[in-house]
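Residues per chain, in single letters:
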Amino acid sequence: MKEIKAPDKIVKDANLSIFLAGSIEMGRAENWQHKVTTHFNDREVTFFNPRRSDWDSTWKQDISNPKFKEQVEWELDALELADSIVMYFEPTTKSPISLLELGLFASSKRLIVCCPHGFWRKGNVDIVCKRYQIKQVKDLDALIAQIELKLE
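Residues numbered from 1 in each chain as written. Predicted model: local features only at pLDDT ≥ 70, side-chain atom pairs only at ≥ 80, totals over all residues. Heavy atoms only, no water.

Undergrad: So what's going on with the packing of aromatic side chains? Residues and values would help.
TA: Centre distance and the angle of the planes are the two values used to describe a pair of aromatic rings. For the coordinates displayed, the defined rule picks out five aromatic pairs. When the ring of F40 is compared with that of F47, the centres are 5.8 Å apart and the planes differ by 50°; the resulting orientation is tilted. The class for F40 is buried, based on a relative accessible area of 0%. (Phe/Tyr/Trp six-rings, centres within 6.5 Å; stacked < 30°, edge-to-face > 60°. Buried < 20%, exposed > 50% of the residue type's maximum accessible area, 1.4 Å probe, protein only.)

Undergrad: So, the side chain of Q33: which residues are in play, and what are the values?
TA: Checked against the element boundaries, Q33 lands in helix α1 (residues 32–39). A relative accessible area of 0% means that Q33 is categorised as buried. A distance of 2.9 Å separates the side chain of Q33 from the side chain of R51, its partner in a polar contact. (Helix = DSSP H or I, 4+ residues; strand = E, 2+ residues; numbered from the N terminus. Polar contact = N/O pair within 3.5 Å; in protein donor to acceptor, adjacent residues only side chain to side chain.)

Undergrad: Would you mind going over the pairing of strand β3 (residues 45–49) in detail, with residue names and values included?
TA: Counted residue by residue, β3 has five buried out of five residues, so it is predominantly covered. Pairing of strand β1 (residues 2–5) with β3 involves four bridges; the strand directions are parallel. The residue of β3 that forms the bridge with K2 is T46. Here strand β2 (residues 16–22) pairs with β3 via four bridges, running parallel. Considered in β3, the bridge of S17 is made with T46. (Pairing = 2+ DSSP bridges.)

Undergrad: Give a description of the nonpolar core that names residues and reports values.
TA: Within soluble globular proteins, side chains that are nonpolar generally end up buried alongside one another. Ranked by size, the top nonpolar core spans 22 residues in total, and within it F19, F89, L102, V113 and V125 carry the most contacts. For this core, the elements supplying multiple residues, two or more each, are β2, α2 (66–81), β4 (84–88), α3 (96–105), β5 (111–114) and α4 (122–131). Sort the elements by how many residues they give to this core and α2 lands first, with three residues. Those residues within four positions of F89 in sequence are excluded, and the remaining contacts are S23, S95, S98, L99, L102, V113, C114, C115, P116, F119 and V125. Core analysis: the second largest hydrophobic core is formed by 17 residues, L20, V45, I112 and I144 among them. (Core = buried A, V, L, I, M, F, W, Y, C linked by side-chain atoms within 4.5 Å. Contact = heavy atoms within 4.5 Å.)

By themselves, these observations are geometric and do not establish any function.
Set out below in structure tokens:
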């Protein structure tokens, strides 16, 4: 397993590449990305992980802020390059950027979505997934199982 975290250089190799989209909201969302990546420690897969180790919530979220701009551009580049995008909406979060990414990549045919009951916009997510024939799963374990299937 190879994990490339923001803002490290994105390198596309022969492995299946998967972008870990979804809830982060530092302090609110569990580190579900860690659970996913450690499950695949001994597998040939590359994860693009936007959960930045040195994120600073005081950064001005403005195009004029080089660190913020770097993060957003890294995420967009990795989303476009990934073979597959798995998306997890944690019920305790709002995840507005993940909702934006769902809209941006809904028609890509590369998404697998996990939006458990309790997520504040589950209805919207379900409708988008149905319209664009996006595979949905009920929980994080099922999302991991879908990645396993892709690796077979």
